[in-house]
Amino acid sequence: MEPSWGPAPDLRGRVAVVAGATRGAGRGIAAALGEAGATVICTGRSSETGGLPSDYDRPETVEETARLVTEMGGVGVPAVVDHLDVAGVGALADRLSDAYGAVDVLVNDLWGAEILKGPPSSWNRPVWEHDLADGLRILRLGIDTHLITAHCLLPLLVRRPGGLLVEVTDGTAEFNAQHYRVSVFYDLAKVAANRLAFSHGHDLLPYGATAVSVTPGWLRSEMMLANYGVGEANWRAAMRPDRDDGHPAAPPGFEASESPRFLGRGIAAMAADPHRARWNQRSVSSAELARRYGFTDIDGRRPDAWAE
């Protein structure tokens, strides 16, 4: 089921970069921008050609994401990049400048620290009980990558008015200000992304560009679905309490989970909004964007895990 958007956004002729598009929210965002007709440069480390060392042992690749963008109606362009490699991100900026002249949308969905976050049994421990190397790696993956990418690619975003920078995180600024998140390292990384949107919005305002931080709700990423032994087509089966297939049963709150495309549709709607500057320096959830722009998830629902 692929319900209509309400008024469907039209991003034909726009160039978007989704940094961290290999899987999860990044893939969903890239696909939704493709739905709207955008040209989407899909970056990440995992590639069919071998790629670069990844923190995940997963089968998804940037080429798969680029093909999905094209199948959805856009133009998908894969780019194998390690966003901790300043020279590599700088080279990407040079290629994009030569090919397109400017970028209209930049999505910072860089993460890669889900395994380092640890299972729930390891959460809420004091900092001295965590592995310091793992914790600092979380900060490198969740903060440094965003700063490096912004430094190298924002000059392309400000070449013409109307650019949109999106910082993807976990939790709105309001929620994260009032709730401790997992560990001191995870908490800092997710709060930082919200603040980055605020800070970048200050710098971008004189150039007619907008920066906003966005959060999905309970995201049905490939890793999440694999953990519960289901796929997107049968995700509700994860909530059956009588499962005997060796996979854990998802808790009741999983009913409010969302596909990665749900957040992507919100970003596409914002990018197409001529009044998107209203979002500058703000923090918003996928559910709030759905209410504002009138779209649904791919199954026709408007889930809101933050309201649970």
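What counts as what
Residues numbered from 1 in each chain as written. Predicted model: local features only at pLDDT ≥ 70, side-chain atom pairs only at ≥ 80, totals over all residues. Heavy atoms only, no water. Helix = DSSP H or I, 4+ residues; strand = E, 2+ residues; numbered from the N terminus. Expected span 1.5 Å × (residues − 1). Buried < 20%, exposed > 50% of the residue type's maximum accessible area, 1.4 Å probe, protein only. Arc of directions from axis to C-beta. Contact = heavy atoms within 4.5 Å. Polar contact = N/O pair within 3.5 Å; in protein donor to acceptor, adjacent residues only side chain to side chain. Pairing = 2+ DSSP bridges. Axes fitted to C-alpha atoms, helices over the stretch in contact; angles between N-to-C directions. Parallel < 35°, antiparallel > 145°, perpendicular 65-115°, else oblique. Left-handed = near helix turned anticlockwise from the far one by under 90°. Nonpolar A, V, L, I, M, F, W, Y, C, P; charged D, E, K, R; others polar.

As recorded by an unreviewed UniProt entry, the chain carries the name Short-chain dehydrogenase and is attributed to Mycolicibacterium grossiae.

**Q** Explain helix α3 (residues 86–100) to me, please; I cannot follow it from the model alone.
**A** Because each turn of an α-helix spans 3.6 residues, side chains separated by three or four positions end up pointing in the same direction. Here α3 contains 15 residues, and its C-alpha end-to-end distance of 21 Å stays within 8% of the 21 Å for a straight helix at 1.5 Å per residue. When α3 is considered as a whole, its buried residues turn out to be Val-89, Gly-90, Leu-92, Ala-93 and Leu-96. Along the axis of α3, the buried positions cluster into a sector of 155°, meaning they face one direction only. Counted as exposed and oriented over 90 degrees from the buried face of α3: Ala-87, Asp-94, Asp-98 and Ala-99. Each element contacted by the buried residues of α3 is listed here: β1 (15–19), β2 (39–44), β3 (75–80) and α5 (132–157). Where α3 begins, one side-chain oxygen reaches toward the backbone nitrogen of Ala-87, 3.2 Å away; that side chain belongs to Asp-85. Phi turns positive, to about 85°, at Gly-101, one or two residues after α3.

**Q** Just to check I follow, could you spell out the environment of Val-212 for this structure?
**A** Among the structural elements, Val-212 can be located in strand β6 (residues 210–215). Val-212 gets classed as buried once you look at its relative accessible area, which sits at 0%. In sequence terms Val-212 and Arg-236 are 24 residues apart; their C-alpha atoms lie 32 Å from each other. With sequence-adjacent residues up to four places away left out, Val-212 is seen in contact with Leu-164, Leu-165, Val-166, Glu-167, Ala-197, Met-270, Trp-279, Arg-282 and Val-284.

**Q** Would you explain the sheet that holds strand β7 (residues 282–285) in this entry?
**A** Note on sheets: strands pair through backbone hydrogen bonds, and any given pair is parallel or antiparallel. Strand order in the open sheet formed by seven strands is β3-β2-β1-β4-β5-β6-β7, and the pairing between neighbours is parallel. Two strands bound the open sheet, and with one partner strand each, they are β3 and β7. Strand-to-strand, the axes of this sheet are offset by a mean angle of 20°, without reference to chain direction. Sheet strands touched by α3: β1, β2 and β3. Its angle to β2, the strand with the most contacts, is close to 165°.

**Q** Could you clarify how one ought to interpret helix α9 (residues 260–272) in this entry?
**A** Spanning 13 residues, α9 covers 19 Å between terminal C-alpha atoms, matching the ideal 18 Å at 1.5 Å per step. Counted residue by residue, α9 has 12 buried out of 13 residues, so it is predominantly covered. Listed as buried for α9 are Pro-260, Arg-261, Phe-262, Leu-263, Gly-264, Arg-265, Gly-266, Ile-267, Ala-268, Ala-269, Met-270 and Ala-271.

**Q** Help me understand the packing of helix α1 (residues 24–35) against helix α2 (residues 62–71), please; the structure alone is not making it clear to me.
**A** Closest axis-to-axis distance for the α1/α2 pair is 7 Å, and the angle between their directions is 25°. Considering their axes alone, α1 and α2 lie roughly parallel with respect to each other. Note on packing geometry: the crossing formed by α1 with α2 is right-handed. Only Glu-64, Thr-65, Leu-68 and Val-69 of α2 make contact with α1, whose side of the interface consists of Arg-27, Ala-30, Ala-31 and Gly-34. Residue classes in the contact of α1 with α2 are distributed as four nonpolar, two polar and two charged.

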